[in-house]
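Each chain, letter by letter, is given below.
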Amino acid sequence: MKRILFVMTALVAACLSASAQQALGPGSGLVSPEINPDHSVTFRLRAPKAVTVQLQGDCVPNGRADMVERDGVWTLTTAPLEGELYRYNFVVDGQSMLDPSNVYRFRDVATWINYFTLSAKEGDKGWYYEVHPVPHGTLSYVWYDSPTLAKLNEKDAFPRRLAVYTPPGYEENPKAKYPVLYLLHGSGGDEDAWLDLGRTVQILDNLIAEGKAKPMLVVMPNGVWFNQAAPGAAVNMFQPTMMNSRSQSTAEVEESFPDIISFVEKRFRVAKGAESRAVAGLSMGGRQSGMLALAHPKTFGYVGMFSGAATVKGYESAIDALYAAKPKLIWAGVGKDDTGVRANTLELKAYCDAHGYPITYYESDGAHTWVNWRIYLTTFAQKLFK
């Protein structure tokens, strides 16, 4: 009887093992996306019952293109593409869906989307967003307490999460101290945004390996005061905010940011002083970066505002105080088609120009997109701590 039970148990275990292995199989059995030798890209989706299938993304003109069906498989091949990180999904009979053949996907606020990177030649944008055989830094998630927020509101007395990139060699050089870039996300984002959509780790690894950027830490906090961390990493409900002003979502950033700096300077081997600190961000984070610099004029030697700028009206004396502290670099990037933000950025530039304050203005094509923000980070990082 014991022998029979043993055999039956073994058979059940074998079946479960086979089932688990089957779940780890090749997915759809299709290759999608497939990058072709001429840098065009072919997408495939098996959907024999579908009436219409379209590809939606920034790799096709006007953001959407019809796919063609043959034997139940829908196919589309793009024109040759330049190096870049591309986002896409399928639209099947009017309903959006992810590509089941592509495991590469990320979350943008509350939407999941597929992506792929393409490098048409070494050194193009796409090349910096890919992993190469170079020395790699380390990414860690750490938790800190904010006494300032806890004092302002008892409901805020919970630990918060930071994503921290330490450069290649950090672990091997225990006496070395490194400068820090504090990198802030935009409205609706979190501490994962610059990692997933911004490709921060890949950009820094590649720039440092080329000698184009100094080895530095990059600290990416969650900039929404009522969220502990990104979805799935905290006990509280994730509440994305789309506000881009000094409001309930950002009111305490200027007051509480010294808590982050204090924690980082105690936990990590970093150089202290404004000449070793930079702050930058996109959209809401760009405005926060500018306003943080105005609130703490002697704290940051480098300030980067990506598609978001510090307010001029009512803050003239704060701008004067910032420049009196002699910052190393004030940098502002914006897209030509980012109408409202461009106007605000040009207002700041005009004030600085009129008072003889140096400001680096960088204008790119396009509007309020990650395509631009990755470029801004790649450009800004090369100007730091030199």
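Everything that follows concerns the structure shown earlier in this document.
Computed from a predicted structure; not experimentally measured.

Parameters at a glance
Residues numbered from 1 in each chain as written. Predicted model: local features only at pLDDT ≥ 70, side-chain atom pairs only at ≥ 80, totals over all residues. Heavy atoms only, no water. Helix = DSSP H or I, 4+ residues; strand = E, 2+ residues; numbered from the N terminus. Contact = heavy atoms within 4.5 Å. 1 Å grid on protein atoms, 1.4 Å probe; cavity = no way out; pocket = protein on both sides within 12 Å on 5 of 7 lines; lining within 4 Å. Points joined across faces, edges and corners; volume = space filled by probe spheres on them. Nonpolar A, V, L, I, M, F, W, Y, C, P; charged D, E, K, R; others polar. Salt bridge = Lys/Arg side-chain N within 4 Å of Asp/Glu carboxyl O. Buried < 20%, exposed > 50% of the residue type's maximum accessible area, 1.4 Å probe, protein only. Phe/Tyr/Trp six-rings, centres within 6.5 Å; stacked < 30°, edge-to-face > 60°. Lys NZ or Arg CZ within 6 Å of the ring centre and 35° of its normal. Arc of directions from axis to C-beta. Pairing = 2+ DSSP bridges. Axes fitted to C-alpha atoms, helices over the stretch in contact; angles between N-to-C directions.

Engineer: Tell me about the environment of Leu-139, and please be specific about residues and values.
Structural biologist: The topology assignment puts Leu-139 in strand β11 (residues 138–144). Along the sequence, Leu-139 and Val-218 sit 79 residues apart, while their C-alpha atoms lie 9.4 Å from each other. Ignoring anything within four residues of it in the chain, the contact list for Leu-139 reads Ala-163, Val-164, Tyr-165 and Leu-195.

Engineer: An account of the layout of surface pockets is needed here, citing residue identities and associated values.
Structural biologist: To find the voids left in a structure, one rolls a probe of water-molecule size over its atoms. The space that makes up the largest pocket amounts to roughly 340 Å³. Lining the largest pocket are 22 residues, and of these Asp-108, Val-109, Ser-187, Trp-370 and Trp-373 lie nearest its centre. Here the lining of the largest pocket gets 3 residues from one element, more than from any other, and that element is helix α10 (residues 370–381). Class assignment for the residues of the lining of the largest pocket results in 8 nonpolar, 8 polar and 6 charged.

Engineer: How would you sum up the pattern of salt bridges? Please name residues and give values.
Structural biologist: Overall, the coordinates contain 13 salt bridges when judged by the stated rule. Between Lys-125 and Glu-84 there is a salt bridge, with the nearest N and O atoms lying 3.1 Å from each other. Within this pair, whereas Lys-125 is found in helix α2 (residues 125–128), its partner Glu-84 is found in strand β7 (residues 84–92), the two being separated by 41 residues in sequence. Overall, Lys-125 belongs to the partly exposed group, its relative accessible area being 27%. Taken together, the shared-partner salt bridges connect Glu-82, Glu-84, Lys-125 and Arg-374 into one network.

Engineer: Please give an account of the packing of aromatic side chains that cites residues and values.
Structural biologist: Counting across every chain of the model gives 26 aromatic pairs. Ring geometry for Trp-194 and Phe-306: centres 6.2 Å apart, planes at 75 degrees, overall edge-to-face. Highlighted residues: Trp-194 in helix α4 (residues 193–196) and Phe-306 in strand β16 (residues 302–306), separated in sequence by 112 residues. Classification of Trp-194 by relative accessible area gives buried; the value is 1%. Owing to a relative accessible area of 0%, Phe-306 belongs among the buried residues under this scheme. Ring geometry for Tyr-362 versus Tyr-376: centroids 5.8 Å apart, planes at 80 degrees, classification edge-to-face. Pair noted here: Tyr-362 is in strand β18 (residues 360–364) and Tyr-376 is in helix α10, with a separation of 14 residues, a long-range link. Look at Tyr-376 and you get buried, because its relative accessible area is 0%. It is Arg-161 that lies over the ring of Tyr-141; its NZ or CZ is 3.9 Å from the centre. Positioned over the ring face of Tyr-129 is Arg-374, at 5.2 Å from the centre of the ring.

Engineer: Can you explain helix α8 (residues 316–324)? Please cite residues and give values.
Structural biologist: Three or more residues of α8 are buried, namely Ala-318, Ile-319, Leu-322 and Tyr-323. Projected down its long axis, α8 shows its buried positions confined to an angular sector of 135 degrees, all on one face. Set apart from the buried face of α8 by more than 90 degrees, the exposed residues are Ser-317 and Ala-324. Looking at the packing, one finds that the buried side of α8 touches α7 (284–295), β17 (329–335) and α9 (339–354). In the segment just after α8, Lys-326 is the residue with positive phi, at about 55 degrees.

Engineer: Could you give an account of empty space enclosed by the protein, naming the residues involved and the relevant values?
Structural biologist: Here the structure, examined in full by the defined rule, presents 3 cavities of 30 Å³ or more. Roughly 80 Å³ of volume is contained in the second largest cavity. If you go around the second largest cavity, the residues you meet are Gly-290, Leu-294, Val-303, Met-305, Ala-310, Ile-319, Leu-322, Tyr-323, Ile-330, Leu-348, Cys-352 and Ile-359. Elements represented by at least two residues in the lining of the second largest cavity include exactly α7, β16, α8 and α9. Broken down by element, the residue count for the lining of the second largest cavity peaks at 3 residues, all from α8. Among the residues forming the lining of the second largest cavity, the class breakdown is 11 nonpolar, 1 polar and no charged.

Engineer: Just give me the short version of the sheet that holds β17, but keep the residues and values in it.
Structural biologist: The 8 strands are arranged β11-β12-β14-β13-β15-β16-β17-β18 in an open sheet whose pairing can be described as mixed. A strand with exactly one partner marks an edge of an open sheet, and here the two such strands are β11 and β18. The sheet shows a mean angle of 20 degrees between the axes of neighbouring strands, taken without regard to direction. Relative to strand β14 (residues 217–221), strand β13 (residues 180–184) is paired through 3 bridges, and the arrangement is parallel. Residue Leu-181 lies in a different strand from β14, and its bridge partner there is Val-218.

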